[in-house]
Amino acid sequence: MQLNPAAALSNKLLTSAFQTHASDIHFYPFANKTDVYFRIQGTRILHQTIPTTQYELLLTYYKFSSGMDIGEIRKPQNGTITHHTGTGQYALRLSTLPVNHVESLAIRILPQEENLTLDQLFLFPNQLTKMKNWMTNRAGIILFTGPTGSGKTTTLYALLQATLQEKSYQTITLEDPIEKDIHDILQVQVNEKAGITYQTGLKAALRHDPDIIMVGEIRDEHTAHFAFNASLTGHLVLSTLHAKDALGTVHRLLEMGIKPSDLQQSLIAVAALELLPINVNETTGRRAAILELLDGEELENTINGVDYHTMNHFHTFHHLKRKAFAYGFITEETYHHS
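Residues numbered from 1 in each chain as written. Predicted model: local features only at pLDDT ≥ 70, side-chain atom pairs only at ≥ 80, totals over all residues. Heavy atoms only, no water.

This next bit is on the overall build of the chain. Regarding its fold elements, the chain presents 12 helices and 13 strands. What you see for the chain is a C-alpha radius of gyration of 21 Å, in line with the 20 Å of a compact globule of 338 residues. For the C-alpha atoms alone, the extent of the chain along its principal axes is close to 60 × 50 × 40 Å. Across the 338 residues in the chain, those meeting the buried criterion constitute 48%. (Helix = DSSP H or I, 4+ residues; strand = E, 2+ residues; numbered from the N terminus. Rg over C-alpha atoms; globule rule 2.2 N^0.38 Å. Buried < 20%, exposed > 50% of the residue type's maximum accessible area, 1.4 Å probe, protein only.)

As structure tokens, this is what we get:
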């Protein structure tokens, strides 16, 4: 059976993206031409240029396949597609953005690190040991922060799976979208249109007697307060938040109206992630995460406004990169420019 031209072009693009281990595809449309970029190892690279007429057909195909409204061109939309190949299955997260009478399209390819073990995700193994210890808490909240694409969700999934291999916990996730199907976990798709917000989903999840709740993302004050309340009532809550570093996360929560006393009572730890291209045999083989880990006395000091320069055990991204460069894990260029 012959594929229609849009489906054939899509297959060709996606195959190239999978082969180069791209994490994202970006389409930049202009009047006559559309530039197609891949993000590979964190760097955006021009993959090819196609006629805009061809891009418009491709966009319609993607919108239809991912359940978006084809007729809606003035509002941003989101959708998901599951793409099967001979070597495996990929989840694609699509989002459109209206720009200058056309729509740009971004595709996130998930999961990117599905063949890496938990040990391989992190550059320094002792950081993993510390996070596994956090998971032994039966109540409280653990936050993972960092920019989009820094590996927050991959880390969350990997930690959950590792924890469930050791003990059987009733675990419920609230996600928008569900990025990876996980065995033995109840995964709830947040759907604002259908009235399933993070708050209503969280309320319903609490009635299912969970031990662990994962809230895909704390996006606003309401979700932040709800997540903290859930942790105060005897649940271990894991979530992500957009912040540039561990200290910034605490400041962000205070700005969201979480009281310092609630932070002291509930917040177990913060892990801020940054992915670095790793130097393997003189070539960049893959990326691994370094983490700013904030817990215990350092976390309490941060909540109380103590300057982090006075903290002996808190290692910043700068310190960790210096260590990674000294060990030969990263190149000098990565050390100076990441």
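After that view, the rundown keeps rolling.
Attention now moves to the pattern of salt bridges. Inspection of the entire model under this criterion finds eight salt bridges. A salt bridge links Glu72 to Arg74, with the shortest nitrogen-to-oxygen separation between them at 3.8 Å. Taking relative accessible area as the criterion, Glu72 reaches 13% and is therefore assigned buried. Several salt bridges converge on common partners, so that one network encompasses Asp176, Glu217 and Arg219. (Salt bridge = Lys/Arg side-chain N within 4 Å of Asp/Glu carboxyl O.)

Consecutive side chains along a regular strand alternate between the two faces of the sheet. Taking burial as the measure, the six residues of strand S7 (residues 140–145) include six buried ones, the bulk of the element. Two elements, S7 and strand S11 (residues 236–241), share six bridges in a ladder whose sense is parallel. Each bridged residue has a counterpart across the sheet, and for Ile142 the counterpart in S11 is Leu238. (Pairing = 2+ DSSP bridges.)

The side-chain alternation of strand S10 (residues 212–215) yields two buried faces, one formed by Ile212 and Met214 and the other by Ile213 and Val215. Bridging between strand S8 (residues 171–175) and S10 involves four bridges; their strand directions are parallel. Residue Thr173 lies in a different strand from S10, and its bridge partner there is Met214. Alignment of S10 against S11, held across four bridges, turns out to be parallel. Paired with Ile212 across the strands is Leu236, a residue of S11. In the classification by handedness, the crossover that spans S10, the intervening helix H7 (residues 221–232) and the parallel S11 is right-handed. (Right-handed = clockwise from strand over helix to strand, strands pointing away.)

All right, on to the nonpolar core then. In this structure, Ile141, Ile218, Leu253, Leu263, Leu267 and Leu294 are the most contacted members of the largest nonpolar core, which totals 41 residues. With five residues, the single largest contributor to this core is strand S12 (residues 267–280). Of all hydrophobic cores here, the second largest spans 31 residues; its members include Phe144, Ile212, Leu236 and Leu291. (Core = buried A, V, L, I, M, F, W, Y, C linked by side-chain atoms within 4.5 Å.)

Here we take up unusual backbone geometry. Not every positive phi belongs to a glycine, and His21 is a case in point at roughly 60°. Note on placement: His21 falls in the loop between helix H1 (5–19) and strand S1 (22–29). Residue His21 is classed as exposed on the basis of its relative accessible area, which comes to 65%. With a phi close to 55°, Asp209 is a non-glycine residue in the positive phi region. Mapped onto the elements, Asp209 comes out in the loop between helix H6 (198–206) and S10. Residue classification places Asp209 among the exposed residues on the basis of a relative accessible area of 60%.

Our next topic: the packing of aromatic side chains. Going through the model one piece at a time under the given rule, you end up with nine aromatic pairs. Ring geometry for Tyr28 versus Tyr37: centroids 5.6 Å apart, planes at 70°, classification edge-to-face. Here Tyr28 falls in the partly exposed class, since its relative accessible area comes to 41%. Looking at Arg44, its charged tip hangs above the ring of Tyr37, at a distance of 3.8 Å from the centre. (Phe/Tyr/Trp six-rings, centres within 6.5 Å; stacked < 30°, edge-to-face > 60°. Lys NZ or Arg CZ within 6 Å of the ring centre and 35° of its normal.)

By the element assignment, Ile278 lies in strand S12. You can call Ile278 buried: its relative accessible area is 6%. Distance from Ile278 to Ser104, taken between C-alpha atoms, is 32 Å for residues 174 residues apart in sequence.

A word on helix H8 (residues 246–255). Looking only at H8, the buried set comprises Ala246, Leu247, Thr249, Val250 and Leu253. The buried residues of H8 occupy one face: seen down the axis, they fall within an arc of 160°. Just downstream of H8, Gly257 is the residue with a positive phi angle, here 90°. (Arc of directions from axis to C-beta.)

Note that all results are geometric; they support no functional claim without further evidence.
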